[in-house]
There are 2 protein chains.
Amino acid sequence: MNIYLVGEAAEHVEDLRPHLAKPYNIIGLPWTAANTTAFDGDITADDVIVSLRLRRPGGTAPAVRLLHVPGAGLDQIDFAALAPDTLVANVFEHEIPIAEFVMARLLEWEIRAGRLQESFNPQAWPSLYRRRVPHGEMYGKTMVLIGYGRIGRAIAARATAFGVEVVAVDDSACSDAAASVMPTDQLAELQRRADYLVLAAPLTPATTGLIDAAALARMPAHAVLVNISRASIVDQVALFKALQDNEIGGAILDVWYHYPDAGDSAVIPAEAPLWELSNAWCTPHSSAWTTDLPRRRYAVIADNINRLAAGEPLRNLVRPAGGDSSRRS
Amino acid sequence: MNIYLVGEAAEHVEDLRPHLAKPYNIIGLPWTAANTTAFDGDITADDVIVSLRLRRPGGTAPAVRLLHVPGAGLDQIDFAALAPDTLVANVFEHEIPIAEFVMARLLEWEIRAGRLQESFNPQAWPSLYRRRVPHGEMYGKTMVLIGYGRIGRAIAARATAFGVEVVAVDDSACSDAAASVMPTDQLAELQRRADYLVLAAPLTPATTGLIDAAALARMPAHAVLVNISRASIVDQVALFKALQDNEIGGAILDVWYHYPDAGDSAVIPAEAPLWELSNAWCTPHSSAWTTDLPRRRYAVIADNINRLAAGEPLRNLVRPAGGDSSRRS
């Protein structure tokens, strides 16, 4: 069994190797291996491909044992081109850094420790000390989560430990120790008591524009909107106006309406200049962008390869053997 | 029963009143009521005093039913001046904002979201997005807590929810779900694997200067020291040198070696200019300085007054009836 790491995956040979039970050949291939037949002659039915993308001009990919996607998204995989017996698995783990990011930003929203640090002035210590302005706490606040999947649960587990009451709206999840889960038709009512409204739902026709002017108007004047999911869940013009008019307290925005692609050098992240508002905390889609994430992901991939070799069931299987093309994301 | 709020406590009449079971008289008195007999003629044996300080020049304070200190510290109370039947209680609750502060700063240490926010530039969006630098995570890190009292436990409960392994050193506490507790003689060994070393112990002869040059040398080069307890647990000159020479990763410092007092206008927070180092994050003793803290504390005080009136046991009793002057802090 050879393991082919394609494109960006080829940078992670040393994240994968130490976790493998046997000294397999690990072979890095360029991006062209994802979308052309250039390297297919080397690849056998006993091999594993790790790649974010897989397409073939002729519609027939090498009949490998396992295609492991080193991320959650499957939209770059042409399932129809895969051999019926090729297993497909993906990896998550990004819920951890995203939840850390959400908690970091909400704690900073309450505490403003960065500003306290900037204000530190040993020459003016007595007046600085005496004039300290009290800050806020997360304890006792209410967080409404839209979406209670992997990311929502990771956020809820952490927020609950801070004495935050977490209520999630999700039509296909159940309440657990970290959150009460309510049907989505309860959202309008729940929003009225949300100190924090956190978007952790996928972008679907039902969630596109879900947070519009009417929804923003239901939030308390001090409430903070957090979006680490997809920008278009929120109407950007309505959000800009609500922030500008202080109809809500603020917004923590890590996701954007437009992203750069290879041919588009002049793109801006949104039409509404949200970054001009002091109560909008804008970051460049960074929440899951950690050094630890690929390390954790390649450890999961190695574990799956070890399971494959040992004939054990794989984790995060999105297409079992036999070519059933049902897809979970 | 009248309730006398002395000095700073007099600002909290409206934090207390809504939680009282009966409409008691609540009377604000100036600071002079803490240390002189000026108002003693009005105070009867049926009353309650709420004050951070209580001393009398003649050594005899009014024989009230309850002296409630609206904080944790008892060093401003002259226990010998109290009548034998005066109960004394204090309040905590500061462990909540202190734990939030520690987690906020450690998350920011890993994520640097403030810097990401400052870097946000819609004109340079494509290059900003493509050149994002991966950040760190708390997940999987090891936190060594020195001291596993109220504050240590509040920190551990939160850190554990982030997948941090928490080990505490404390000779009088037990392991629980949030932390393994080890005897203090294990500290030197534990320090070697501490990603975060958090000081949550009181200042005693045993802890004064505990973190000296030798202790700092045992920490990993990336480790972060967090002090929200008392500055003098750490040798400031050794800390300055360890930070300057990058022997440790950084320090989060909210407590200081010198504090202003009424007659001392030129005091500086420390002799070693820690604030000049970019890897020392200095704040002006702000961790517990929240708007919610006094509200929560006066709710506890009101609950104790209600318990007193109902003949029920009080919370946080530091001196029971009969004048036993044993003190817990």
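These notes cover the structure that comes with them. Being a predicted model, the structure only gives us computed values, none of them experimental.

Here we take up the overall build of chain A. For chain A, the count of helices and strands is 10 helices and 13 strands. In terms of overall dimensions, chain A has C-alpha extents of about 70 × 50 × 45 Å along its principal axes. When burial is assessed residue by residue, chain A has 55% of its 329 residues classed as buried. Once local pairs closer than 6 in sequence are excluded, the contacts in chain A between residues at least 24 apart make up 57%. In the structure as shown, chain A presents an accessible area of about 13600 Å², 51% of it carried by carbon and sulfur atoms. Side-chain charges of chain A comprise 29 positive and 38 negative groups, with the mean position of each set lying 5 Å from the other.

Its rotation angle being 180°, the transformation that places chain B on chain A also includes 0.0 Å of axial translation and leaves an RMSD of 0.1 Å. Such values leave the two copies arranged in the relation of a two-fold axis. If distances are taken from each C-alpha of chain B to the rotation axis, the shortest is found for Ala104 of chain B, at 2.8 Å.

All right, on to the side chain of Ser286 of chain B then. For Ser286 of chain B, the position within the fold is in the loop between strand 12 (280–282) and helix 10 (292–310). Judged by relative accessible area, which is 1%, Ser286 of chain B ranks as buried. Every residue in contact with Ser286 of chain B, bar those within four places of it in the chain, is listed here: Leu116, Arg132 and His135 of chain A together with Asp254 of chain B.

Each side of the interface is counted separately: chain B has 59 residues, and chain A has 59 residues. Roughly 5400 Å² of surface becomes buried between chain B and chain A when both sides are summed, with 64% attributable to carbon and sulfur atoms. When the buried surface of chain B facing chain A is broken down by residue, Trp125, Arg132 and Trp289 of chain B rank first, second and third, together holding 13% of it. Counting the contacts that link chain B with chain A gives four salt bridges. Salt-bridge contacts for Asp292 of chain A lead to Lys141 of chain B; the nearest nitrogen and oxygen are separated by 3.9 Å. Contributing elements (two or more residues each) for the side of chain B that touches chain A: helix 3 (95–111), helix 4 (113–119), helix 5 (125–130), helix 6 (150–161), strand 12 and helix 10 of chain B. Residue contributions to the side of chain B that touches chain A peak at nine residues, all from helix 3 of chain B. Taken together, the residues of the side of chain B that touches chain A break down into 35 nonpolar, 12 polar and 12 charged.

Turning our attention to helix 10 (residues 292–310) of chain A. All names here are of chain A. With 19 residues, helix 10 should cover 27 Å at 1.5 Å per step; its first-to-last C-alpha distance of 27 Å lies within 8% of that length. Of the positions making up helix 10, those classed as buried are Asp292, Leu293, Arg296, Arg297, Tyr298, Val300, Ile301, Ala302, Asn304, Ile305, Asn306 and Leu308. The positive-phi residue at the C-terminal boundary of helix 10 is Gly311, with phi of around 70°.

This part covers the sheet that holds strand 13 (residues 317–319) of chain B. Residues and elements named next belong to chain B. Pairing is mixed across the open sheet formed by six strands, whose spatial order is 2-1-3-4-5-13. Strand pairing shows two members of the sheet lacking a second neighbour, strand 2 (25–29) and strand 13, which therefore form its edges. Looking at each pair of strands side by side, their axes are set apart by 25° on average, direction ignored. Where strand 1 (residues 2–6) meets strand 2, five bridges bridge the pair, whose relative direction is parallel. When the sheet's bridge partners are listed, Asn2 is paired in strand 2 with Asn25.

Cut-off values and rules
- Residues numbered from 1 in each chain as written.
- Chains lettered and ligands numbered in written order.
- Predicted model: local features only at pLDDT ≥ 70, side-chain atom pairs only at ≥ 80, totals over all residues.
- Heavy atoms only, no water.
- Helix = DSSP H or I, 4+ residues; strand = E, 2+ residues; numbered from the N terminus.
- Buried < 20%, exposed > 50% of the residue type's maximum accessible area, 1.4 Å probe, protein only.
- Contact = heavy atoms within 4.5 Å.
- Areas by Shrake-Rupley, 256 points an atom, 1.4 Å probe, with all protein chains shown as cover.
- Lys, Arg positive; Asp, Glu negative; His and termini not counted.
- Charge placed at Lys NZ, Arg CZ, Asp CG, Glu CD.
- Least-squares fit on C-alpha atoms with pLDDT ≥ 70 in both.
- Buried area = accessible area lost by both parts, 1.4 Å probe.
- Salt bridge = Lys/Arg side-chain N within 4 Å of Asp/Glu carboxyl O.
- Nonpolar A, V, L, I, M, F, W, Y, C, P; charged D, E, K, R; others polar.
- Expected span 1.5 Å × (residues − 1).
- Pairing = 2+ DSSP bridges.
- Axes fitted to C-alpha atoms, helices over the stretch in contact; angles between N-to-C directions.

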